[in-house]
Amino acid sequence: MGKRSAIRWTFWLAMLAGWGIFAAEEPVVVHLDVLPHSQPWHGYALAVGQVVNRDTKREHAVRLSLSDRYGNLGVVSRQVSVAPGTQQTVLLPVPASMMVYIGECGVTLDGRRRLEPLAVNLQTQGALGIARHQAATSVVLVTRQVSYDALERALKREQTPEGTVELQRSERELDAWPGRWLAYSAYDAVALSATEWQRAHESVRDALWRYAECGGVLIVAGNFIPPAPTEVIQELGDARSPFRILEVGLGCCAVFPVAQNIHPAAGDILRGHMQRNRTMAWSRHVNAVASHDLAPVVEKVKLPLGLALSVLLLFALVAGPINMALLRRKNRSVWLFWITPLLGVLTSGLIVLSMLLGEGITARVRTEGFTLLDERVGRATSLGVDGLYCPLRPRQGLLYSYDTEVTLGQVGEDLIGQNRQRDVVWDEGQHLQGEWVPARVPTYFRLRASESRSERLGLVRDGSGLAVVNGLGARIEHLMLMDFDGQVYETTDVAAGVQTAPLAATKFRPPPPRSLAQVALWDECWNFNRYSTLPNSGLLRPGSYIARIEGTPFLASGLRGGAQREERSVVFGRMRQEEVR
């Protein structure tokens, strides 16, 4: 071997060695974990990815994709850009209302290279799967510092046919928990200690409190100070095991000074709250019947069935005896094999055209919502139904915010059992792509949301009485307000940004207050057709108001662009007393 050949071989061996080192050490490393849960059936199951960029010179774009093997969901994905030498946490919420089995997570680097997929075990039962079984399990997420045995004794003291209770221990420190409330939406309760609460990051505390405001149950052991104004529902127990049950928005918070000795009555209250959430709130997601009662999006749609039947009858006559008679007369019977399919295609086109002429191509949207607007902390907690009817499947899909829980209301087992490509892309909000909204099929989505909002209803006092300023961002059709002294006022038709004349006091005396969960979450008294029952529902209390407003400024529909929209909502507001002027 000559000198030049030796140099050439050395060069190529060095190149191969360098390529091997580069291939063995990817610039990006991804670790994937799943929050502990057996098989959730409401809210979102959560996969947590930790993306580490080992490249100290380049920024890399990494996309994580969870693929459902059964095809009921499709792909849940999110792309993030990771700066050089840094790491980033990626949350991938998976809708648990659908039956899903995910076995791996795909990793794409810079939109071109596919890295080795990661193994993951993420299964959900779906609301339909729970409907097939009468009993369901209420799952409680428990931190390290909470007495597992004490919780088990209190919550599992009496198992009923309506369901059981399962405790899931989290190995993560509370400070490493996700900072978005959707991460806890699949749990029926979360138990932690007051010490962990105080040490946790502010985003984690905010997420857990929002979770409770949206209907969840928060269990805290120790000397706990609520981060926002609350009302005590019950304060029972004895000197050894006292407890307080606080109303937190649509949910509740149970506080136990001693975690090792939980009063049995408290366990009964919490278990009852979780079971009522399941039977009176989450189980409504099994089908679209209850959603249709709240927001009937197609009650006025009339299909041109008469015209379609006339076209079919005409096709039967033309393609049958008339066609055969003409071809036999011209001795061209063999043409029947291409003329009949051609007539079938033309007839199908006429039927589709008649449907489009009868319905048009404009989508219909019906949104009904309820919002708890706590002006004291500047937060809006909303429930709602987003009903859609689209003559043509929306190509751009649906777009909701990061903080909105979206649950598809099934219209039958065929909708969840077939292989439909329903993708969820979390790049810019929650983007539902694919076959979420079939053409000419009424589709309903149940919504829960928690947002920071600055809207409020201003109070103005002068010598002539009390007036209000509409700062809700939409026209108020009807308003009933209870002042801090218990006096009730009523008015109608207040435009956005307008101050009313002094209101006249009424003689109305509302009944004693009931829990917000009972009125709004379980009974759903916010239905527009049942609005007249709200004043007598026990919702009003001193320093609050009930407003029926035009539109849904606190709960946007997922269908953007042009559509025939019918949007209405009810706002229950808690006012700040110091802002009265």
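Residues numbered from 1 in each chain as written. Predicted model: local features only at pLDDT ≥ 70, side-chain atom pairs only at ≥ 80, totals over all residues. Heavy atoms only, no water.

1. Regarding the pairing of strand 14 (residues 251–256)
- Within strand 14, six of the six residues are buried, which leaves it mostly tucked inside the rest of the structure.
- Side chains Gly251, Cys253 and Val255 of strand 14 all project onto a buried face; the interleaved residues Cys252, Ala254 and Phe256 project onto the opposite face, where all are buried too.
- With five bridges connecting them, strand 13 (residues 243–248) and strand 14 associate as antiparallel partners. Along strand 14, the bridge assignment pairs Val248 with Gly251.
- Linkage of strand 13 to strand 14, two consecutive antiparallel strands, is achieved through a turn of two residues, within which Gly249 is found at a positive phi near 60°. (Buried < 20%, exposed > 50% of the residue type's maximum accessible area, 1.4 Å probe, protein only. Helix = DSSP H or I, 4+ residues; strand = E, 2+ residues; numbered from the N terminus. Pairing = 2+ DSSP bridges.)

2. Some thoughts on the pattern of salt bridges
- This model, assessed by the stated rule, comprises 27 salt bridges.
- In this structure, Arg379 engages Asp206 in a salt bridge whose closest nitrogen and oxygen atoms are separated by 3.2 Å. Of the two residues, Arg379 sits in strand 16 (residues 379–389) while Asp206 sits in helix 5 (residues 202–213), which places them 173 residues apart along the sequence.
- Judged by its relative accessible area of 29%, Asp206 is partly exposed.
- In this structure, Asp523 engages Arg514 in a salt bridge whose closest nitrogen and oxygen atoms are separated by 3.3 Å. (Salt bridge = Lys/Arg side-chain N within 4 Å of Asp/Glu carboxyl O.)

3. Section: the sheet that holds strand 5 (residues 87–95)
- Pairing is antiparallel across the open sheet formed by three strands, whose spatial order is 1-2-5. Of all strands in the sheet, those with a lone pairing partner are strand 1 (28–34) and strand 5, marking the two edges. On average, each strand axis in the sheet is inclined to that of its neighbour by 20°, with strand direction left out of account.
- When strand 1 meets strand 2 (residues 44–53), the two strands line up antiparallel, connected through seven bridges. Among the inter-strand pairings, Val29 is bridged to a residue of strand 2, identified as Val52. (Axes fitted to C-alpha atoms, helices over the stretch in contact; angles between N-to-C directions.)

4. Some words on the sheet that holds strand 4 (residues 75–82)
- Strand order across the open sheet formed by seven strands is 7-6-3-4-19-20-17, with mixed pairing between neighbours. On the outer flanks of this sheet lie strand 7 (113–124) and strand 17 (398–400), each paired with one strand and no other. Ignoring which end each strand starts from, the neighbouring axes of this sheet average 20° apart.
- Pairing geometry for strand 6 (residues 100–109) and strand 7, over eight bridges, is antiparallel. Across the sheet, the residue bridging to Glu104 is Ala119, located in strand 7.

5. With respect to the confidence of the model for the protein
- Taken over all residues, the pLDDT of the protein has a mean of 83, while the share at 70 or more is 81%.
- This model gives residues 16–24 a pLDDT under 50, and the stretch forms one contact once residues within four places in sequence are excluded.
- Taken together, the stretch residues 412–417 has pLDDT below 50 and engages in 14 contacts with residues farther than four places along the chain or on a different chain. (pLDDT = per-residue confidence, 0-100. Contact = heavy atoms within 4.5 Å.)

6. Here's the deal with the packing of aromatic side chains
- Taken as a whole and judged by the stated rule, the model has ten aromatic pairs.
- The interplanar angle of 85° and the centroid separation of 5.3 Å between the aromatic rings of Trp197 and Phe224 together place this pair among those described as edge-to-face. On the criterion of sequence distance, the pair formed by Trp197 in helix 4 (residues 194–199) and Phe224 in the loop between strand 11 (217–221) and strand 12 (231–236) is long-range, its members being 27 residues apart.
- On the basis of relative accessibility, which here comes to 4%, the residue Phe224 falls in the buried class.
- With a centroid separation of 6.3 Å and an interplanar angle of 45°, the aromatic rings of Trp209 and Phe224 are classed as tilted. Of the two residues, Trp209 sits in helix 5 while Phe224 sits in the loop between strand 11 and strand 12, which places them 15 residues apart along the sequence.
- Taken together through their ring pairs, the aromatic side chains of Tyr44, Tyr402 and Trp426 make up a single cluster. (Phe/Tyr/Trp six-rings, centres within 6.5 Å; stacked < 30°, edge-to-face > 60°.)

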